[in-house]
Amino acid sequence: MTATKVTDGQVVSMEYTLRVDGKVVDSSEGGDPLEYLYGAANIIPGLEREMDGMSVGESKTVIVSAADGYGESDEEAFIEVPRGEFPADIPLKPGLEMELTGPEGQPMYARVESMEGENVVLNMNHPLAGKELHFDVKVVGLRDATEEEMDHGHAHGGHGH
Ligand code: ZN
């Protein structure tokens with residue numbers, strides 16, 4: 001039996017628009033709704049909490065504090081790297097964004113904060129760290145998660161794994 005309200009074990013389809021400082025930074029508009037497994041920490045906690053009990057067709061505006069979103073900006077996430085460790089063809093300058101590979105092969109976001117002599121200061125904070133998030137969300141579908149999805153802890157949609 002498929003629940004009619006958002007609860008654990010449901011795959012939620014939702015349309016969403018995320019605004020930060022009044023600007024749209026992410027939106028499902030013009031694309032497919034986001035499908036995610038509720039209750040498995042697949043989305044930020046401050047949003048997931050507010051979606052509990054929503055019905056199909058219901059919309060809501062959710063304001064999520066930085067702490068409940070991508071976290072506060074962390075001073076320890078600023079690191080200095082010698083220029084020589086970057087490929088020569090990268091135009092290093094403040095504001096440049098790049099994706100690095102972490103110790104376990106995971107993608108890590110970084111932004112050049114400043115240049116200090118022969119060193120580059122990288123800001124490894126998530127780009128939305130320290131920001132209040134304004135979500136407009138609408139639940140457009142609900143279905144029971146499959147056993148496999150529950151096992152994996154995420155929804156299997158049309159976008160591969
Ligand atoms: Zn999976």
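Bear in mind the structure is a predicted one, so any value in this text is a computation, not a measurement.

Calculation notes
- Residues numbered from 1 in each chain as written.
- Predicted model: local features only at pLDDT ≥ 70, side-chain atom pairs only at ≥ 80, totals over all residues.
- Heavy atoms only, no water.
- Domains from an automatic or database assignment.
- Helix = DSSP H or I, 4+ residues; strand = E, 2+ residues; numbered from the N terminus.
- Buried < 20%, exposed > 50% of the residue type's maximum accessible area, 1.4 Å probe, protein only.
- Contact = heavy atoms within 4.5 Å.
- Pairing = 2+ DSSP bridges.
- Axes fitted to C-alpha atoms, helices over the stretch in contact; angles between N-to-C directions.

### A few points about the domain arrangement of the chain
Here the chain is partitioned into domain 1 (10-70 + 131-151) and domain 2 (75-123). For domain 1 and domain 2, the distance between their C-alpha centres works out to 31 Å.

### Digging into the side chain of Glu149
By secondary structure assignment, the location of Glu149 is in helix H2 (residues 147-152). For Glu149, a relative accessible area of 2% corresponds to the buried category. When sequence neighbours within four positions are dropped, the list of residues in contact with Glu149 reads Val11, Leu37, Arg143, His154, Ala155 and His156.

### Section: unusual backbone geometry
Phi angles above zero are rare outside glycine, and Asp21 is one such case at about 50°. Note that Asp21 resides in the loop between strand S1 (10-20) and strand S2 (23-27). Asp21 gets classed as exposed once you look at its relative accessible area, which sits at 60%. Phi at Ala41 takes a positive value of approximately 55°, unusual for a residue other than glycine. Its place among the elements puts Ala41 in the loop between strand S3 (34-37) and helix H1 (45-51).

### Some words on the sheet that holds strand S8 (residues 119-123)
Read from one edge of the open sheet, four strands run S5-S8-S7-S6, paired in antiparallel fashion. Every other strand in the sheet has two partners, leaving strand S5 (78-82) and strand S6 (97-101) as the edge strands with one partner each. Here the strands of the sheet are splayed against their neighbours by 45° on average, with no regard to which way each runs. Both S5 and S8 contribute to a ladder of five bridges, which runs antiparallel. Within the sheet, the bridge partner assigned to Phe78 lies in S8 and is Asn123.

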